[in-house]
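Chain by chain, the residues run as shown.
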Amino acid sequence: MIKFVLSGIKPTGIPTLGNYLGALKNFVKLQNEMQDYEFLLFIADMHAITVYQDPKELKQNIKNLAALYLACGLNTDNLTLFVQSEVKEHVELGYIMQSITYMGELERMTQYKDKKQKQAHGISSALFTYPSLMAADILLYDAKYVPVGDDQMQHLELTRDLANRFNNRYGETFTVPEPLVSKKGSRIMDLQDPTKKMAKSEEENKGCIFLLDPPSVIRKKIKSAVTDSEAKIYYDKENKPGISNLMTIYSSITDLSYEEIENKYKDKGYGDFKKDLAEIVVEEISKVQKEFEKWYDSKELKQILYEGKCRASMFARSKMKKIKKLIGIGY
Ligand code: TYM
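Computed from a predicted structure; not experimentally measured.

Draft legend 1. Expanded view of empty space enclosed by the protein. Following the criterion strictly, the structure yields 1 cavity of 30 Å³ or more and no others. The calculated volume of the largest cavity comes to roughly 70 Å³. If you go around the largest cavity, the residues you meet are Gln111, Tyr112, Lys115, Leu127, Tyr130, Pro131 and His155. Elements with a minimum of two residues in the lining of the largest cavity: α6 (110-118) and α7 (125-139). Here the residues of the lining of the largest cavity sort into 4 nonpolar, 2 polar and 1 charged.

Printed below as a string of structure tokens:
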């Protein structure tokens, strides 16, 4: 039986440095370490529309994200890359998952609570039931591992609960998945407000580095990142969230430990550190951008997405047949 590692990203804007370090770069690393697993990665466009997206922009974002997945260096040999809405079983199982999810479970989700706090009116019911669809995305393929940033952990916990609940009600059906969170980079913070997660949906973009930002913009954003007045470089997330966040970015890209970075910048100030960090980030992202140009609009990308849709559908169709039979729906 094929063993799957599965993950998805929403095409709600250009992916950020947070998406890169917390997810994309980690996928590449895991792919090298877990060669006997097949990687099922997708563009979560059904999740994106839980909040209104301009149709033209959404199309563009889907295309960008598809090319960025590959530009990060994934090995296409054991990769199935697809667009979520093209495999209709996701929504079908999503509905079934909704029917075993309790209201109280969804009300407890911090991502939903945050959004509700920011926006009192006009929250879609799909935004509320979103975690049930995410559970379906994972369980449909019996994925064993799900690499995500730490903001998705609560959704993963719910997915595990739903898998167990279904298995108890209807008999052993789903693999209970396990999250894989990278040690570093699983929570990159906003450069202007390091108590907030770096996110593509923030209106103020100064604190968020996007993977398609030109080098000059990246340098500027890092230069103006908020730090503190102590001007000493050491890791202390509580008291020095700004510099600690920059150290996390530094460490995730170079693989140097916090201690090594502290030693390296023992006698230096924030200015020197930021200048070096900017170059490190620019170099890393420039590589991705160069690859992006090759993949974007390429025939290969179209073909990979087509094959991905066919292959994912094949697994999804056969799993749905079994699920429906177990539940007793259909004639
Ligand atoms: P999304 O699109 O918000 O984020 C995609 C991935 O990037 C990670 N991430 C971060 N990591 C570190 N620092 C940050 N600042 C940061 N921001 C985002 C996220 O943790 C995630 O791994 N619901 C998911 C998409 C999804 C999914 C799935 C994921 C739908 N179905 C099934 C896994 C399995 C989401 O909104 O991710």
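From this point, things continue past the structure.
Draft legend 2. Main features of the site of the ligand. Taken together, 28 residues lie near the ligand, and Lys10, Tyr130, Asp137, Asp151 and Ile188 sit nearest. Measuring from an oxygen atom of the ligand, one finds a backbone N or O atom of Gly149 at 2.8 Å. For the ligand, whose accessible area on its own is 710 Å², the fraction buried by protein is 98%.

Draft legend 3. Expanded view of the side chain of Thr173. Mapped onto the fold, Thr173 is located in the loop between α8 (153-170) and β5 (178-180). Look past the residues within four positions of Thr173 in its chain and what remains in contact with it is Asp142, Phe166, Asn167, Lys319, Ile323 and Leu326.

Draft legend 4. Representation of the pattern of salt bridges within the structure. One pass over the full model with this rule turns up 18 salt bridges. Here Lys29 and Glu33 are joined by a salt bridge, their closest N and O atoms 3.6 Å apart. One end of the pair is Lys29 and the other is Glu33, both in helix α1 (residues 17-33) and 4 residues apart, which spans about a single turn. Owing to a relative accessible area of 47%, Lys29 belongs among the partly exposed residues under this scheme. Put simply, Lys197 and Asp151 hold a salt bridge, and the shortest N to O gap is 2.7 Å. Linking Lys197 in the loop between β5 and α9 (215-223) with Asp151 in the loop between β4 (145-147) and α8, this pair joins segments that are 46 residues apart in sequence.

Draft legend 5. Structural detail: the layout of surface pockets. By volume, the second largest pocket is sized at about 530 Å³. Taken together, 22 residues line the second largest pocket, and the ones lying closest to its centre are Lys25, Asn26, Lys29, Ser252 and Asp255. Elements with a contribution of two residues or more to the lining of the second largest pocket: α1, α10 (241-254) and α12 (270-295). Per-element tally for the lining of the second largest pocket: the top contributor is α1, with 7 residues. Counting contributing residues per domain, the lining of the second largest pocket is built from domain 1 (4-186 + 298-327) and domain 2 (215-293), each supplying no fewer than three.

Draft legend 6. Representation of α1. Over its 17 residues, α1 runs 22 Å from end to end, which matches the ideal 24 Å to within 8%, given 1.5 Å per residue. The largest bend along α1 reaches roughly 35 degrees and is located at Asn26. For α1, the N-terminal cap is Thr16; the gap from its side-chain oxygen to the backbone nitrogen of Gly18 is 3.0 Å.

Calculation notes
- Residues numbered from 1 in each chain as written.
- Predicted model: local features only at pLDDT ≥ 70, side-chain atom pairs only at ≥ 80, totals over all residues.
- Heavy atoms only, no water.
- 1 Å grid on protein atoms, 1.4 Å probe; cavity = no way out; pocket = protein on both sides within 12 Å on 5 of 7 lines; lining within 4 Å.
- Points joined across faces, edges and corners; volume = space filled by probe spheres on them.
- Helix = DSSP H or I, 4+ residues; strand = E, 2+ residues; numbered from the N terminus.
- Nonpolar A, V, L, I, M, F, W, Y, C, P; charged D, E, K, R; others polar.
- Near = heavy atom within 4 Å.
- Polar contact = N/O pair within 3.5 Å; in protein donor to acceptor, adjacent residues only side chain to side chain.
- Areas by Shrake-Rupley, 256 points an atom, 1.4 Å probe, with all protein chains shown as cover.
- Contact = heavy atoms within 4.5 Å.
- Salt bridge = Lys/Arg side-chain N within 4 Å of Asp/Glu carboxyl O.
- Buried < 20%, exposed > 50% of the residue type's maximum accessible area, 1.4 Å probe, protein only.
- Domains from an automatic or database assignment.
- Expected span 1.5 Å × (residues − 1).
- Bend = angle between axes of the 7 residues up to and from the residue.

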